[in-house]
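Tertiary structure, described
Below, each chain spelled out in residue letters.
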Amino acid sequence: MGKKVSVLVVDDSHICRQLICEALSRDPDLDVVGTCANGKEALEAAKELRPQVITMDVEMPVMDGLTAVEHIMSEVPTPILMLTADPRQQAPELTCRALELGALALQIKPSIDAGLEAWNLSREVKLLSSVRVIRHIHSKRRPPLPGSGTAPAPVVGMPYGVLAVASSTGGPQVLFRMLSELPADFPTPIVIVQHINAAFSDSLAGWLANSSKLKVRLAQDGEQLLPGNVLIAPPGQHMHIPFRGRVALRSGVERDGHMPSGTVLLESAAKAYGRRTLGLILTGMGEDGADGMLAIKQAGGLTLAQNEESCVVFGMPGAAVARKAADHLVHGDDIAGTLVRLARGESLAVGR
C-alpha cells in the first residue's frame, strides 16, 4: 500500500469536525493530519502541514471559507473540497464563488443526525488528492485577447450551428470566464455538460447566468436551440440533440462513467449538425467527451481543447488529443476570444 493521503479538516462545528474525521478515518488510505475551526487557522495549517486535500466549510467566524480558499490558492495551492449546507438555502454565488476562487468540488454536508454512513467523503477526497492544482492570483490573471467580450456583432452567416461543450473538474471556473466575456449577440447556441454534484446544478446555472450577457439555464426536454442561449444538462439525465434546433433529455445508463455525459452530447451534435458543429472539451478527470470530439472531427466539424498549461486536470482534453480529435489547443483564458473570432468567420492559425 502506498503512502496515505493527508487531509486537513476545517469546520467551525466541533460535531461536524468529529464526524468528518471519523468518516475519513474509516478509510485506511486516508490520514487526517489536522483540524481547524476557522479559515485563518486553516491558512496557517495549510502552510505548516502541507496536506494533500482540505475539506472546507463555507460559513465560519474569524475568516470564512471563501476567504480562506482565496488565500490558500494564492499562497499554498491545495486541492479543496467545499462542504456546505443545502445550496437552495443560499444565494447561488455563495458556494459557486468557491469554484471561481479555486476550490475543486462541492458537496452538501449531511444532517448531523444522519449517521456516519451519510458522510461518504473518502472517494472524492482520494480523487482530488491526485489533482495538480494551480496558483490562483486573480490580479495576475492573463488578460483576454483583443476584442474578447467587446467584439462588434459577428458576421451574418456564422459557420457553426451549435457549440457543444464537455467539462468536469476545474471547468466551472473556465466556463465562468468564457460566458462572462462572450458578447450578448454571440450567434451560436451553446450546450454544456458540466460534471458537478447534482445538488449544485441550479446554483451553478444561476452563478453563470449572473456573470453572462447570454441567457444561461438548465435545459428542459424539447427546448429550442437559439442564438444567445446557453443550455446546461441537468443532473441525472443525458442531454442530446435529436435533430437540428432542439435538445432532448433522457435517462439511461452512464457513458464514460457519467450521466449526463459529454460524449453523448457531442456525438449527437455531430450527427445533427455535421460540419457545422463546434466542439469544445475543457479540464476534467477521465475521458468523457473524447469520443464525442472524435465524432465531430470525423463529421467535418471543428474541435477545440483546453491546453494542458491552463487545465486543473488534463485528463479529458488529453484523451481527446491522444485520439487525434482536437484540431486546436486553446488556453482557458483565451477561449472566449477564440470563439468570437470563429463567430466572425475568421480562421484559426495553423498549429497549436
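Structure: above.
Residues numbered from 1 in each chain as written. Predicted model: local features only at pLDDT ≥ 70, side-chain atom pairs only at ≥ 80, totals over all residues. Heavy atoms only, no water.

1. Observations regarding the pattern of salt bridges
As enumerated under the stated definition, the model contains 14 salt bridges in all. One salt bridge in this structure joins Arg177 and Asp333, with 3.0 Å as the shortest N-O distance. Of this pair, Arg177 sits in helix α6 (residues 171-181) while Asp333 sits in the loop between β14 (328-330) and α11 (335-343), and the two are 156 residues apart along the sequence. Asp333 shares its class with Arg177; the two are buried. In this structure, Arg323 and Asp291 form a salt bridge, with 2.8 Å as the shortest nitrogen-oxygen distance. (Salt bridge = Lys/Arg side-chain N within 4 Å of Asp/Glu carboxyl O. Helix = DSSP H or I, 4+ residues; strand = E, 2+ residues; numbered from the N terminus. Buried < 20%, exposed > 50% of the residue type's maximum accessible area, 1.4 Å probe, protein only.)

2. Regarding the sheet that holds strand β2 (residues 30-36)
Reading across the sheet, the five strands line up as β2-β1-β3-β4-β5 and stay open at both edges, with parallel pairing between neighbours. Bordering the open sheet on either side are β2 and β5 (105-108), each of which pairs with just one other strand. Strand-to-strand twist of the sheet, defined as the mean angle between neighbouring strand axes without regard to direction, takes the value 25 degrees. Sheet strands touched by helix α1 (residues 14-25): β1 (5-10), β2, β3 (53-57) and β4 (80-84). Its angle to β2, the strand with the most contacts, is close to 165 degrees. (Pairing = 2+ DSSP bridges. Axes fitted to C-alpha atoms, helices over the stretch in contact; angles between N-to-C directions. Contact = heavy atoms within 4.5 Å.)

3. As for the packing of aromatic side chains
Using the criterion set out here, one finds one aromatic pair in the structure. Pairing Phe176 with Trp207 gives two aromatic rings, centres 4.6 Å apart and planes at 20 degrees, and the pair type is stacked. Residue Phe176 is located in helix α6, and its partner Trp207 is located in helix α7 (residues 201-211); the two are separated by 31 residues in the primary sequence. Relative accessible area serves as the criterion here: at 15%, Phe176 is assigned to the buried category. On the accessibility criterion, Trp207 (4% relative accessible area) is buried. (Phe/Tyr/Trp six-rings, centres within 6.5 Å; stacked < 30°, edge-to-face > 60°.)

4. Thoughts on the side chain of Asp333
A relative accessible area of 15% places Asp333 in the buried class. A polar contact is formed between the side chain of Asp333 and the side chain of Arg177, at a distance of 3.0 Å. (Polar contact = N/O pair within 3.5 Å; in protein donor to acceptor, adjacent residues only side chain to side chain.)

5. Some words on the nonpolar core
By size, the foremost hydrophobic cluster in this structure holds 84 residues, and its most contacted members are Met56, Met82, Leu179, Leu182 and Ile190. Not counting chain neighbours up to four residues away, the residues in contact with Leu182 comprise Ile190, Lys213, Leu214, Ala336, Leu339 and Val340. Among the nonpolar cores identified, the runner-up in size contains 29 residues, and Leu249, Ala270, Ala290 and Ala326 belong to it. (Core = buried A, V, L, I, M, F, W, Y, C linked by side-chain atoms within 4.5 Å.)

6. Description of the pairing of β4
Burial runs high along β4: five of the five residues are buried. Residues Ile80, Met82 and Thr84 point to one face of β4 and Leu81 and Leu83 to the other, with burial holding for every one of them. Where β3 lies against β4, four bridges are found, and the strand directions are parallel. By the bridge assignment, Asp57 is partnered in β4 with Leu83. A crossover connection joins β3 to the parallel β4 through helix α3 (residues 65-75); in handedness this β-α-β unit is right-handed. Here β4 runs beside β5; their pairing, made up of four bridges, is parallel. Looking at the pairing, Leu83 lines up with Gln107 of β5. (Right-handed = clockwise from strand over helix to strand, strands pointing away.)

7. A few points about helix α8 (residues 262-273)
The first and last C-alpha atoms of α8 sit 16 Å apart over twelve residues, in line with the 16 Å expected at 1.5 Å per residue. With ten of twelve residues buried, α8 is to be regarded as a mostly interior element. For α8, the elements touching its buried residues are β6 (162-167), β7 (190-194), β10 (238-243), β11 (246-250), β12 (277-281) and α9 (290-298). Residue Ser261 occupies the N-cap position of α8, its side-chain oxygen lying 3.1 Å from the main-chain nitrogen of Thr263. Just downstream of α8, Gly274 is the residue with a positive phi angle, here 55 degrees. (Expected span 1.5 Å × (residues − 1).)

8. What to know about the pairing of strand β13 (residues 302-306)
Burial within β13 is extensive, with five of its five residues counted as buried. Side chains Leu302, Leu304 and Gln306 of β13 all project onto a buried face; the interleaved residues Thr303 and Ala305 project onto the opposite face, where all are buried too. Pairing of β12 with β13 involves four bridges; the strand directions are parallel. If you follow Leu278 over to β13, its bridge partner there is Leu302. Examined bridge by bridge, β13 and β14 share three bridges and lie parallel to one another.

9. Observations concerning the sheet that holds β13
Taken in spatial order, the seven strands of this open sheet run β8-β9-β7-β6-β12-β13-β14, and their pairing is parallel. Of all the strands in the sheet, the pair left with one neighbour each is β8 (215-218) and β14. For this sheet, the mean inter-axis angle between neighbouring strands, taken without regard to orientation, is 20 degrees. Strands in contact with α6 are β6, β7, β8, β9 (229-232), β12 and β13; relative to β7, the strand with the most contacts, it is inclined by about 160 degrees. Sheet strands in contact with α8 are β6, β7 and β12, and its direction is about 165 degrees off that of β6.

10. Things to note about the environment of Gly301
Structurally, Gly301 can be placed in the loop between α9 and β13. Along the sequence, Gly301 and Leu278 sit 23 residues apart, while their C-alpha atoms lie 5.9 Å from each other. Residues contacting Gly301, with those up to four places away along its chain left out, are Gly274, Arg275, Thr277, Ile296 and Asp327.

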